[in-house]
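Spelled out, the chains give:
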Amino acid sequence: MDLTIKQLQQRLESQGYICDQDLVITLYLSLKLAKPLLVEGAPGVGKTEVAKALAGALDTELIRLQCYEGLDENRALYEWNYQRQLLKIEIARGSCDPAVLEKDLFDLEYLLERPLLKAIRSEKQVVLLIDEIDKTDPEFEAFLFELLSDFQISIPEVGTLKAKQIPAVVLTSNGERELSDGLKRRCIYLYIDYPTIEKEVRILQVKVPQAREELVHQVVRAVNYIRSHLDLKKKPSIAETLDWAQALVAMHVDALTPEILGQTLNLFLKNRDDQETLKREVGLSGLLKKIRELEEDATGPAAVTCHCGHHHLCGGSTHGNRSN
């Protein structure tokens, strides 16, 4: 990879992925050193999007292995095409040496490629996403060690297959369980936290360009306050912030009101108890007040003139009689 750090960041942002310098440098080093990147963070902070944006930035294929409890090597690496093997046996019955037939039956052409094998055998460098590795068991982690350290896999009937082109590997984890030291040792580590207000505003401006600037700031500050100040079972993710903003645009909303908040609460708080926590501890009108306070903290009090001719210090709030 002959990209510079700046060029990599520009390419990622051209894919709509807004990233800070720390993320870009870590991803750059992962590519330069040909080491897998392990990305941890809460659900919905953009871990999977790192791999998607990287594939777009490198103009290559994204191969995804979605992990789950009970995942084994047959689903992740390969399976033998038993139907083709049986057909071969029927065709060759009595017409060739059994030893030769057995050798032919376990040729690469009878393998059904799963994501890991597909990534290893690709003629072009690909991005291999091993998504939510923390959902698998420690035995599966150990199975991955050979791939992650030597970029090769061993198939008993065939032998060792080395990568034709070393893939860019991204593993993600939601932190549901502690990953092994062996896995971490083979990777470069990156933790992605919830974004700052400024970064999330930029994300919405890129992803939901139809939204008015005032609405974007209100949405982001509301979500930021909810994440920071309420004890929730499920904090709203970036994906839910985007869903909420897109819904508000579809409803032709220019600014938040208590009524609009109540109507769209289920878009960013997807747990009944969390919705009740917000209503009980802050209230819908109270949340709008907190948004105005955050705006004032960010910009400082600003003098505005109402149509009545009086000056008010409203700190960037939406004063009903504010003039332009």
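Residues numbered from 1 in each chain as written. Predicted model: local features only at pLDDT ≥ 70, side-chain atom pairs only at ≥ 80, totals over all residues. Heavy atoms only, no water.

## Looking at the overall build of the chain
(1) Moving on: If you tally the helices and strands in the chain, you get 15 helices and 11 strands.
(2) Moving on: Counting over 324 residues, the chain shows a buried share of 46%.
(3) Moving on: Counted over contacts in the chain with a minimum sequence separation of 6, partners at least 24 positions apart contribute 68%.
(4) Moving on: When the accessible surface of the chain is totalled, it reaches about 16,900 Å², and 48% of it is carbon and sulfur. (Helix = DSSP H or I, 4+ residues; strand = E, 2+ residues; numbered from the N terminus. Buried < 20%, exposed > 50% of the residue type's maximum accessible area, 1.4 Å probe, protein only. Contact = heavy atoms within 4.5 Å. Areas by Shrake-Rupley, 256 points an atom, 1.4 Å probe, with all protein chains shown as cover.)

## Topic: the nonpolar core
(1) Moving on: One finds Ile226, Trp244, Leu248, Leu256, Leu261, Leu278 and Leu287 to be the most contacted residues of the largest nonpolar core, which totals 36 residues.
(2) Moving on: Broken down by secondary-structure element, the contributors of at least two residues to this core are α10 (197-207), α11 (213-229), α12 (238-250), α13 (258-268) and α15 (284-299).
(3) Moving on: The dominant element in this core, judged by the number of residues it contributes, is α11, at eight residues.
(4) Moving on: Not counting residues within four places of it along the chain, the set of residues in contact with Leu278 comprises Ile226, Leu230, Leu265, Leu269, Gly283 and Leu287.
(5) Moving on: Grouped together as the second largest cluster of nonpolar side chains are 34 residues, Leu116, Leu117, Ala119 and Leu179 included. (Core = buried A, V, L, I, M, F, W, Y, C linked by side-chain atoms within 4.5 Å.)

## A look at the pattern of salt bridges
(1) Moving on: Tallied over the entire structure, the rule returns 18 salt bridges.
(2) Moving on: In this structure, Arg64 and Asp131 form a salt bridge, with 2.7 Å as the shortest nitrogen-oxygen distance. Placement of Arg64 in strand β2 (residues 62-66) and of Asp131 in strand β5 (residues 127-131) is noted, with a sequence separation of 67 residues between them.
(3) Moving on: For the salt bridge of Glu113 with Arg121, the shortest nitrogen-to-oxygen distance reads 3.1 Å.
(4) Moving on: A residue is classified by how much of its surface remains accessible, and Arg121, at 24% relative accessible area, is partly exposed. (Salt bridge = Lys/Arg side-chain N within 4 Å of Asp/Glu carboxyl O.)

## Side note on the pairing of β5
(1) Moving on: Of all five residues in β5, five are buried, a share of seventy percent or more.
(2) Moving on: The alternating pattern of β5 places Val127, Leu129 and Asp131 and Leu128 and Ile130 on opposite faces, both of which are buried.
(3) Moving on: Where β2 and β5 come together, five bridges link them in parallel fashion. Across the sheet, the residue bridging to Ile63 is Leu128, located in β5.
(4) Moving on: Pairing of β5 with strand β8 (residues 168-173), which is carried by four bridges, proceeds in the parallel orientation. Paired with Ile130 across the strands is Leu171, a residue of β8. (Pairing = 2+ DSSP bridges.)

## Details of the pairing of strand β1 (residues 37-40)
(1) Moving on: Of the two faces of β1, the one carrying Leu37 and Val39 and the one carrying Leu38 and Glu40 are both buried.
(2) Moving on: Here four bridges tie β1 to β8, and the two strands are oriented parallel to one another. The residue of β8 that forms the bridge with Glu40 is Ser173.
(3) Moving on: The pairing of β1 with strand β9 (residues 188-191) spans four bridges and is parallel. Looking across to β9, one finds that Leu37 is bridged to Ile188.

## Side note on the sheet that holds β9
Each strand in a sheet pairs with another by means of backbone hydrogen bonds, the pair being arranged parallel or else antiparallel.
(1) Moving on: Read across the sheet, five strands follow the order β2-β5-β8-β1-β9 without closing on themselves; strand pairing throughout is parallel. Of all strands in the sheet, those with a lone pairing partner are β2 and β9, marking the two edges. In this sheet, adjacent strand axes meet at a mean angle of 20 degrees when their direction is disregarded.
(2) Moving on: Those strands touched by helix α2 (residues 21-32) are β1, β8 and β9, and its axis lies near 160 degrees from that of β9. (Axes fitted to C-alpha atoms, helices over the stretch in contact; angles between N-to-C directions.)

## What to know about the confidence of the model for the chain
Caution is warranted with low-pLDDT regions, since their predicted coordinates should not be read in detail.
(1) Moving on: Of the residues in the chain, 84% have a pLDDT of 70 or more, and the chain-wide mean is 87.
(2) Moving on: pLDDT under 50 marks residues 302-324. Its contacts with residues more than four places away, or in other chains, come to 39 contacts. (pLDDT = per-residue confidence, 0-100.)

## Here's the deal with the packing of helix α1 (residues 5-14) against α2
(1) Moving on: Here α1 crosses α2 at 110 degrees, and the two axes come no closer than 10 Å. Compared by their axis directions, α1 and α2 come out roughly perpendicular. Between α1 and α2 lies a crossing of right-handed hand. Contacts between α1 and α2 involve Ile5, Leu8, Gln9 and Leu12 on the former and, on the latter, Gln21, Val24, Ile25, Leu27, Tyr28 and Leu31.
(2) Moving on: When the residues that make up the contact of α1 with α2 are grouped by side-chain class, the tally is eight nonpolar, two polar and no charged. (Parallel < 35°, antiparallel > 145°, perpendicular 65-115°, else oblique. Left-handed = near helix turned anticlockwise from the far one by under 90°. Nonpolar A, V, L, I, M, F, W, Y, C, P; charged D, E, K, R; others polar.)

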